[in-house]
Amino acid sequence: MLAAVLALLVFAAGATAGRGLAALIRVLAREGGFASSRYYSLARGFAASLPAIGHWFAPRGTRCPRLALLEFAAGFAALACWELFPPFKALCGAVFLFALLGAFFIDLDHMIIPDLFTIGLAITGLLLSAACPSLHGCGAFTAWNALRSLAASMLGLAIGSATVLWFGLIGEAIWQREVLGFGDVKFLGAIGAFCGWQGALFALFGGAVIGLLAMIVRGAGAMASGRRLSALLATAASRREIGRMGASQPFPFGPMLAAAAAAYFLAFHSGVDAFFAPYRLLF
């Protein structure tokens, strides 16, 4: 019974943080030149104002599905960290996942990843890695383990950002246009600061797989509505900031990176790290 109550409280805290994250997204979107936002509910009253579940009590026409999705996602992210990790690592993981959610939604809607979710996240990852060595599998906190964890975080930051930067430069040389925004470079570096170089590489290639699947789904929809496949592929290779899939649908890479990074952090880190174990000596 106590465990269920604690889990409910953790979910509620995460959902409340998700509502704060929505407000932050609105501010960052306005600073980026986007006046409108999808993260504002018109519902009034105590029941309708509750995070997550309050959307069920809101009258039709006042609900905000995107806000509800963000709050539920933040609540489940906090709950997953609580169930999977020790308390301090769970708190650090929740900070990481909340930042991933913020980057996911603002890039999905506005094709931008603000520095708060890239540079700010990278700095936070370095600091938390030193304070919580278990983020990088370095055991309990000691001065030596803190240094090892910080080194792993710095290496993940460097390799993550450098790898995606080279992919972008090579793609630009081949297609003669920008294929990745610099925000993606900084974002993958920030992911590496939390997840190490193994997690950064998994996020890059896992995000590419997720993106490919999304392209196939949207491509099938475009072909079904009569659009030519050649035009679809041409727009898929176009510049990231103005890229379109289908008629006018944005197709950013940040959400794909965020989804793959969350999957690594919550579920796949053990298997991925074991796969990369033979290559650790290279670094």
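Residues numbered from 1 in each chain as written. Predicted model: local features only at pLDDT ≥ 70, side-chain atom pairs only at ≥ 80, totals over all residues. Heavy atoms only, no water.

### A short note on the packing of aromatic side chains
By the definition in use, this model includes eleven aromatic pairs. Measuring from ring centre to ring centre gives 6.0 Å for F11 and F72, while their planes differ by 50°; the resulting arrangement is tilted. Here F11 is found in helix α1 (residues 2-31), whereas its partner F72 is found in helix α2 (residues 65-84), with 61 residues between them in sequence. With a relative accessible area of 14%, F11 lands in the buried category. The rings of F85, F96, F194 and F265 are connected pair by pair, giving a single aromatic cluster. (Phe/Tyr/Trp six-rings, centres within 6.5 Å; stacked < 30°, edge-to-face > 60°. Helix = DSSP H or I, 4+ residues; strand = E, 2+ residues; numbered from the N terminus. Buried < 20%, exposed > 50% of the residue type's maximum accessible area, 1.4 Å probe, protein only.)

### Digging into the layout of surface pockets
In this structure, the second largest pocket spans a volume of roughly 480 Å³. Taken together, 22 residues make up the lining of the second largest pocket; nearest its centre are H136, G137, A152, Q198 and R280. Elements that contribute at least two residues to the lining of the second largest pocket include exactly α5 (143-175), α6 (182-224) and α8 (254-276). The element that contributes the greatest number of residues to the lining of the second largest pocket is α6, accounting for five residues. Its residues placed into classes, the lining of the second largest pocket shows twelve nonpolar, six polar and four charged. (1 Å grid on protein atoms, 1.4 Å probe; cavity = no way out; pocket = protein on both sides within 12 Å on 5 of 7 lines; lining within 4 Å. Points joined across faces, edges and corners; volume = space filled by probe spheres on them. Nonpolar A, V, L, I, M, F, W, Y, C, P; charged D, E, K, R; others polar.)

### Notes on the packing of helix α4 (residues 119-131) against α5
It is at 7 Å that the axes of α4 and α5 come closest, and there the two elements cross at 155°. Judged by the angle between their axes, α4 and α5 are roughly antiparallel. α5 is crossed by α4, and the crossing has right-handed handedness. Here α4 contributes A122, G125, L126, S129 and A130 to the contact with α5, which in turn contributes A146, S149, L150, S153, M154 and L157. Here the residues of the contact of α4 with α5 sort into seven nonpolar, four polar and no charged. (Axes fitted to C-alpha atoms, helices over the stretch in contact; angles between N-to-C directions. Parallel < 35°, antiparallel > 145°, perpendicular 65-115°, else oblique. Left-handed = near helix turned anticlockwise from the far one by under 90°. Contact = heavy atoms within 4.5 Å.)

### As for unusual backbone geometry
In this model, A52 sits at a positive phi of 65°, which is unusual for a non-glycine residue. Phi is positive for M111, close to 60°, though the residue is something other than glycine. Its location among the elements puts M111 in the loop between α3 (87-110) and α4. Residue class for M111 comes out buried when judged on its relative accessible area of 9%.

### Quick look at α3
Relative to the 34 Å expected for 24 residues at 1.5 Å per residue, α3 spans 34 Å between its end C-alpha atoms, a close match to the ideal helical length. Among the 24 residues that make up α3, 18 are buried, leaving the element largely enclosed by the rest of the structure. Immediately beyond the C-terminal end of α3, within one or two residues, lies M111, with a positive phi of roughly 60°. (Expected span 1.5 Å × (residues − 1).)

### A few points about a nonpolar patch on the surface
Nonpolar side chains collect at one region of the surface, where L165, W166, L169, I170, I174, W175 and F182 lie side by side and expose about 770 Å² of accessible area between them. When residues of the nonpolar patch are assigned to their parent elements, the largest contribution, six residues, is made by α5. Residue placement: L169 occurs in helix α5. Given a relative accessible area of 41%, L169 falls into the partly exposed group. (Patch = residues over 30% accessible without salt bridge, like charges linked within 9 Å, V, L, I, M, F, W, Y side chains within 5 Å. Areas by Shrake-Rupley, 256 points an atom, 1.4 Å probe, with all protein chains shown as cover. Salt bridge = Lys/Arg side-chain N within 4 Å of Asp/Glu carboxyl O.)

### Quick notes on the environment of L135
Here L135 shows up in the loop between α4 and α5. In the structure, L135 is positioned 17 residues away from A152 in sequence and 9.7 Å away in space, judged by C-alpha atoms. Aside from chain neighbours lying at most four places away, what touches L135 is K89, C92, L128, S129, F194 and F265.

### Details of the packing of α3 against α4
α4 packs onto α3 with a crossing angle of 170° between their chain directions and a minimal axis gap of 11 Å. It follows from the interaxial angle that α3 and α4 lie roughly antiparallel. Residue-level contacts link F88, C92, V95, F96 and A99 of α3 to L121, T124, L128 and A131 of α4. Split into classes, the residues belonging to the contact of α3 with α4 amount to eight nonpolar, one polar and no charged.

### Here's the deal with the side chain of D109
Within the element layout of this structure, D109 appears in helix α3. Separated by 2.5 Å, the side chains of D109 and R66 make a polar contact. Beyond its immediate sequence surroundings of up to four residues, D109 is in contact with R38, Y39 and R66. (Polar contact = N/O pair within 3.5 Å; in protein donor to acceptor, adjacent residues only side chain to side chain.)

### Side note on α5
Along its 33 residues, α5 runs 48 Å from first to last C-alpha, staying within 8% of the 48 Å computed at 1.5 Å per residue. Every buried residue of α5 is accounted for by N145, A146, S149, S153, G156, I159, G160, S161, T163, V164, G168 and G171. With its phi angle positive at about 60°, Q176 sits one or two positions after the end of α5.

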